[in-house]
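# Architecture at a glance
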Amino acid sequence: RAVDFILAQRPPAPLFNAYEYGGYLGWRLAPEYQVFIDPRCLDFEVFDDYQTARGGHYQKAFEKYGVNTVAFYLFTPVVNSIPEISLYLLMDGQWDLVYADRISVVMVRHSQNTLPVVDKAPLVAHLQRVLENTLARTPDDTQAIVQYGRVLYFRGDTEGAKQHFMKALQINPKLRAPRFYLGAINRQTD
């Protein structure tokens, strides 16, 4: 359905897509859109940029490649976790949600968007509940702990966010993301 939406609404290119979607998107969207990556990717630099962006550090890669539209899944196939890029773009005011279904989201850079915007708040609230359920089942899942802290931070619950980031570091002191967020919180409160 996300592809049908892209074909009908024509969000601005270039497109950043989930690796697993690449072959199908290339088949359906060519020649109007060129996919960012697909499973046949032979360019290691592009693959590294994809991995970094997918992990939530998308700003540099998006600037480098001029990305204006993102088509990604809400839950990682098989492991059913929330991809950082999807969660963090939903919390980024520079990106508009223009399409969402049970599987995928399409987001457009705010400065390039001419499409109707979908309210992100219900989807972020849904993902927060998913993270709460994940943590109830697996309380030591550091990815879910950090993501939940990130959502709390986004929603203004700085103390709750700090507690989750510190818990993640207690479980795995080598994690960089919770250190980054704790540093940001400390700079904000100083």
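Anyway, here's the lowdown on the structure attached to this text. (Residues numbered from 1 in each chain as written. Predicted model: local features only at pLDDT ≥ 70, side-chain atom pairs only at ≥ 80, totals over all residues. Heavy atoms only, no water.)

### Some words on the pairing of strand 3 (residues 95-100)
Here is the rule we go by: Each residue gets one of three labels from its accessible area relative to the maximum for its type: buried under 20%, exposed over 50%, partly exposed in between, using a 1.4 Å probe on protein chains only. Here a helix means four or more residues in a row that DSSP labels H or I, a strand means two or more in a row labelled E, and each is numbered from the N terminus. Between any two strands, at least two bridges found by DSSP are needed for them to pair.
Buried residues dominate strand 3, accounting for five of its six residues. As paired elements, strand 3 and strand 4 (residues 104-109) share five bridges and run antiparallel to each other. Bridge assignment links Leu 97 to a residue of strand 4, and that residue is Met 107. Linking strand 3 back to strand 4 in an antiparallel pair, the connection comprises three residues.

### Observations concerning helix 3 (residues 44-54)
Inclusion rule: When we speak of the arc, we mean the arc of directions from the helix axis to the C-beta atoms. We call two residues in contact when some of their heavy atoms are within 4.5 Å. Each polar contact in these results corresponds to two N or O atoms within 3.5 Å; when the atoms are within protein, one needs to be able to donate a hydrogen and the other to accept it, and residues that are neighboring in sequence are counted only if both atoms are side-chain atoms.
Those residues of helix 3 that fall on the buried side of the exposure criterion are Val 46, Asp 49, Tyr 50, Ala 53 and Arg 54. Looking straight down helix 3, one finds its buried side chains confined to an arc of 130°; they lie on one side. In this fold, the buried residues of helix 3 make contact with strand 1 (15-17), helix 4 (59-65), strand 2 (69-73) and helix 5 (84-90). The opening residue of helix 3 is Asp 43, an N-cap whose side-chain oxygen sits 3.0 Å from the backbone nitrogen of Glu 45.

### As for the pattern of salt bridges
Our working rule: A pair is scored as a salt bridge if a Lys or Arg side-chain nitrogen falls within 4 Å of a carboxyl oxygen belonging to Asp or Glu.
Enumeration according to the criterion identifies six salt bridges in this entry. Here Asp 38 ties to Arg 40 by a salt bridge, and the two come within 2.5 Å at their closest N and O atoms. Asp 38 sits in the buried class, given a relative accessible area of 10%. By relative accessible area, Arg 40 is classed as exposed at 62%.

### A few points about the packing of aromatic side chains
Heads up, the rule is: Stacked, edge-to-face and tilted are the three classes for Phe, Tyr and Trp ring pairs, Trp counted by its six-membered ring, which pair at centre distances within 6.5 Å; planes under 30 degrees apart are stacked, over 60 edge-to-face, the rest tilted. Lysine NZ or arginine CZ positioned within 6 Å of the ring centre and within 35 degrees of the ring normal marks a charge as sitting over the ring.
For the coordinates displayed, the defined rule picks out 17 aromatic pairs. Here Phe 165 and Tyr 181 contribute two aromatic rings whose centre-to-centre distance is 5.1 Å and whose plane-to-plane angle is 20°, an arrangement assigned as stacked. Taken together, the residues span a long stretch of sequence, with Phe 165 in helix 8 (residues 158-171) and Tyr 181 in helix 9 (residues 177-189) at a distance of 16 residues. The residue whose ring lies beneath Arg 150 is Tyr 88, and the NZ or CZ to ring-centre distance is 5.1 Å.

### Notes on the side chain of Asp 49
For Asp 49, the position within the fold is in helix 3. The class for Asp 49 is buried, based on a relative accessible area of 16%. Once you skip the residues sitting within four places of it in the chain, Asp 49 turns out to touch Ala 61, Lys 64 and Tyr 65.

### A short note on the packing of helix 7 (residues 142-154) against helix 8
Between two packed helices, what matters for the description is the angle formed by their axes and the separation of those axes. Convention followed: Axis definition: a line fitted to C-alpha atoms, over the contacting stretch in the case of helices. Angles run 0 to 180 degrees between N-to-C directions. Note that the term roughly parallel is reserved for angles under 35 degrees, roughly antiparallel for angles over 145, roughly perpendicular for angles of 65 to 115, and oblique for everything else. Less than a right angle of anticlockwise turn of the near helix away from the far helix marks a crossing as left-handed, whereas a clockwise turn marks it as right-handed. Each residue is assigned to one class: nonpolar for Ala, Val, Leu, Ile, Met, Phe, Trp, Tyr, Cys and Pro, charged for Asp, Glu, Lys and Arg, and polar for all the others, Gly among them.
Two elements in contact, helix 7 and helix 8, have axes whose closest approach is 8 Å; the angle formed by their N-to-C orientations is 160°. The pairing of helix 7 with helix 8 is recorded here as roughly antiparallel in orientation. Remark: the crossing between helix 7 and helix 8 carries left-handed chirality. Across from Thr 142, Ile 145, Val 146, Tyr 148, Gly 149, Arg 150, Leu 152 and Tyr 153 in helix 7, the residues of helix 8 making contact are Gly 160, Ala 161, His 164, Phe 165, Lys 167, Ala 168 and Ile 171. Classifying every residue of the contact of helix 7 with helix 8 gives nine nonpolar, four polar and two charged.

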